[in-house]
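Breakdown of the fold
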Amino acid sequence: MLKQLEELKLKALQELTDINHIKQLEPWRIQYMGKKSTLTTMLRRLASLPLEERKTAGARANQVKADLEDSRRQKEQALRKAQLASHAKEEIIDITLPGWPVPTGRLHPITQTFNEICDIFADMGFQIVEGPDVEWDYYNFEALNIPEEHPARDTMSTCWVETNRGEKPRLLRTHTTSVSARTIERIAPPIRVMAPGKVYRYEASDATHIPMFHQIDGQVVDKGITMADLKGTLYEFARRFFGEERRVRFRCDYFPFVEPGVEMAIGCLVCNGQGCRLCGHSGWIEILGAGMTHPRVFQLGGIDPEVYSGFAFGIGIERLPMLRYGIDDIRLFYGNDLRFLRQF
Ligand code: DAH
């Protein structure tokens, strides 16, 4: 039996040496150490041997079993190590390969323009205020010194909201100046606010008109505010938005809620003042309307025009990126064509 054990051990170890894959280890263990293996059978047979023989053969058989298990464990470790090493070699990462592109979202060009303008005015101490898109006739017109029969109403084609008889008339606000009217009623001076938002006009779409577009209105109210404050503030805006060298011009204009009213223009971005199609051969492009707040507007808002004065301005948003990037059709902003939007 001892001899048989020696042979068995030799054969098993020989076969173990030849194994070169971890998957072969388990069949080997079953063959040499499993329940039906020769070794297990021999161990079971020990009981029938005479005592002396049983002692030596038993010790030897257990020793062989322990040796086989040891060798198996060592082999397993060696194979695992080799496997790791070969994986590391095969799966080497080439960090010079370009990665997969990760698509990122971006802000709409109109949102970007809003952010840029609000940042400029925020640096000058303006705070953002908001008002509703569905507005009372009162804040859109009445409180801004545009009573019912005023011809200025006709210049803003209004989308009216259907109301029941006896209800106060409502509309989709035609300008963000409605928020300024709300602000002077709500906040006590000093006031320095800007109101960005959507505005609506009852108009057909073409390359320069759409029924919904965006504006920012600004409003400053304090003791001793003059036209110089208006010009200084808007010059600063023009310099920061269009560049230091851009020329700026103020001319008289009429808006019912300011007196005097002005329009601000900048030197044409295409021809630099020489005259071209974009600027109608004038060399200038109108950017915004502004003026000193009308005393009547202050009175309606509960502010004493003998004590306070202020200025206001309104900027159309879509025009600005159109001028800057040479976009010739306003409808492109709302066509949701990603080929267009991805350029910003
Ligand atoms: N609300 C005017 C418009 O939509 C623009 C405007 C002009 C706003 C003068 C103002 C202002 O605040 O002072 O055409």
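Each residue is numbered by its place in its chain's sequence as written, counting from 1. Local features in this predicted model are restricted to residues of pLDDT 70 or higher, and side-chain atom pairs are both shown and tallied only at a pLDDT of 80 or more, whereas totals for entire chains, interfaces and linings draw on every residue. Remark: hydrogens and water are excluded; side-chain values derive from all non-hydrogen atoms of the structure.

**A closer look at the overall build of the protein**
- Within the protein, the regular secondary structure consists of 12 helices and 10 strands.
- The C-alpha atoms of the protein give a radius of gyration of 43 Å, which is well past the 20 Å a tight globule of 344 residues would have.
- Buried residues are those whose accessible area, probed at 1.4 Å on protein chains only, stays under 20% of the maximum for their type, while exposed residues exceed 50% and partly exposed ones sit between those limits. Put simply, the protein has 344 residues, and 41% of those count as buried.
- Residue pairs at least 24 apart in sequence account for 66% of intrachain contacts in the protein once pairs closer than 6 positions are excluded.
- Surface accessibility of the protein: about 20400 Å² in total, with carbon and sulfur atoms responsible for 53%. Helix and strand assignments follow DSSP, with helices taken as H or I runs no shorter than four residues and strands as E runs no shorter than two, numbered in order from the N terminus. Two things to know: the radius of gyration comes from C-alpha atoms, and the globule rule equals 2.2 Å times the number of residues to the power 0.38. Residues count as neighbours in contact if any of their non-hydrogen atoms are within 4.5 Å of one another. Per-residue and other accessible areas were derived by the Shrake-Rupley procedure at a 1.4 Å probe size, with only the shown protein chains allowed to occlude residues.

**A short note on the sheet that holds strand β2 (residues 134–136)**
- Two strands qualify as a pair provided DSSP detects at least 2 bridges between them. Strand order in the open sheet formed by 3 strands is β2-β4-β3, with antiparallel pairing between adjacent strands. Unpaired on one side and paired on the other, β2 and β3 (160–161) mark the two borders of the sheet.
- Two elements, β2 and strand β4 (residues 170–172), share 3 bridges in a ladder whose sense is antiparallel. By the bridge assignment, W136 is partnered in β4 with R170.

**Re the domain arrangement of the protein**
- Domains assigned within the protein are domain 1 (2–90) and domain 2 (109–341).
- For the domain bounds, the source is a domain assignment made automatically or taken from a database. The C-alpha-based centres of domain 1 and domain 2 are spaced at 90 Å.

**Concerning the nonpolar core**
- If you look at the biggest cluster of nonpolar residues, it comprises 47 residues, and the most contacted ones within it are F121, L234, F237, L288 and F313.
- Those residues in contact with F313 that sit more than four places away from it in its chain are F121, F126, I216, D217, G218, L234, L288, G289 and A290.
- By size, the runner-up hydrophobic cluster in this structure holds 22 residues, among which are I184, A195, V221 and F298. Note on terminology: a nonpolar core comprises buried Ala, Val, Leu, Ile, Met, Phe, Trp, Tyr and Cys residues joined through side-chain atoms within 4.5 Å.

**Focus on the site of the ligand**
- Taken together, 15 residues lie near the ligand, and H175, T177, Q215, D217 and A312 sit nearest.
- Each polar contact in these results corresponds to two N or O atoms within 3.5 Å; when the atoms are within protein, one needs to be able to donate a hydrogen and the other to accept it, and residues that are neighboring in sequence are counted only if both atoms are side-chain atoms. A distance of 2.8 Å separates a nitrogen atom of the ligand from a polar atom in the side chain of T177.
- Separating an oxygen atom of the ligand from a backbone N or O atom of A312 is a distance of 3.2 Å.
- Coverage of the ligand by the protein amounts to 90% of the 350 Å² it exposes when considered alone.
- Charged residues are taken to be Asp, Glu, Lys and Arg, nonpolar residues to be Ala, Val, Leu, Ile, Met, Phe, Trp, Tyr, Cys and Pro, and polar residues to be all remaining types, Gly included. The residue inventory of the shell around the ligand, partitioned by class, reads 7 nonpolar, 6 polar and 2 charged. What makes a residue near a molecule or strand is one non-hydrogen atom of that residue sitting within 4 Å of it.

**Remarks on the pairing of strand β7 (residues 248–253)**
- Bridge count between β7 and strand β8 (residues 258–267): 6 bridges; the pairing is antiparallel. Bridging from a neighbouring strand, V248 pairs with I266 of β8.
- The turn linking β7 back onto β8 is made up of 4 residues.

**A look at the pattern of salt bridges**
- Any Lys or Arg side-chain nitrogen found within 4 Å of a carboxyl oxygen on Asp or Glu counts as a salt bridge. Considering all chains together, one arrives at 21 salt bridges under this definition.
- Note that R72 is salt-bridged to E69, the shortest N-O span being 3.4 Å. On the criterion of helical spacing, the pair formed by R72 and E69 is a turn pair, its members being 3 residues apart in helix α4 (residues 51–90).
- Note on R72: relative accessible area 13%, which makes it buried.
- Since its relative accessible area comes to 22%, E69 is described here as partly exposed.
- Across the salt bridge formed by D123 and R240, the nearest N and O atoms sit 2.9 Å from each other. Placement of D123 in helix α5 (residues 109–123) and of R240 in helix α9 (residues 227–242) is noted, with a sequence separation of 117 residues between them.
- Taking relative accessible area as the criterion, D123 reaches 55% and is therefore assigned exposed.
- Through salt bridges with shared partners, a single ionic network connects E69, D70, R72, R73, E76 and R80.

**Here's the deal with the packing of aromatic side chains**
- The rule is short: rings of Phe, Tyr and Trp, with Trp giving its six-membered ring, pair when the centres are within 6.5 Å, and they are stacked under 30 degrees, edge-to-face over 60, tilted in between. What the rule picks out here adds up to 16 aromatic pairs.
- Pairwise contacts between aromatic rings join F121, F126, F237, F241, F242, F311 and F313 into one cluster.
- Two limits define a charge over a ring: the Lys NZ or Arg CZ must be within 6 Å of the ring centre, and within 35 degrees of the ring normal. The lysine or arginine in question, R324, covers the ring of F241, its NZ or CZ lying 4.2 Å from the ring centre.

**Observations concerning the environment of G218**
- Its place among the elements puts G218 in strand β6 (residues 212–222).
- Judged by its relative accessible area of 0%, G218 falls in the buried class.
- Distance in space between the C-alpha atoms of G218 and A195 is 6.4 Å, their sequence separation being 23 residues.
- Ignoring any residue separated from it by four or fewer positions in sequence, one finds G218 in contact with S180, V193, M194, F311, A312 and F313.

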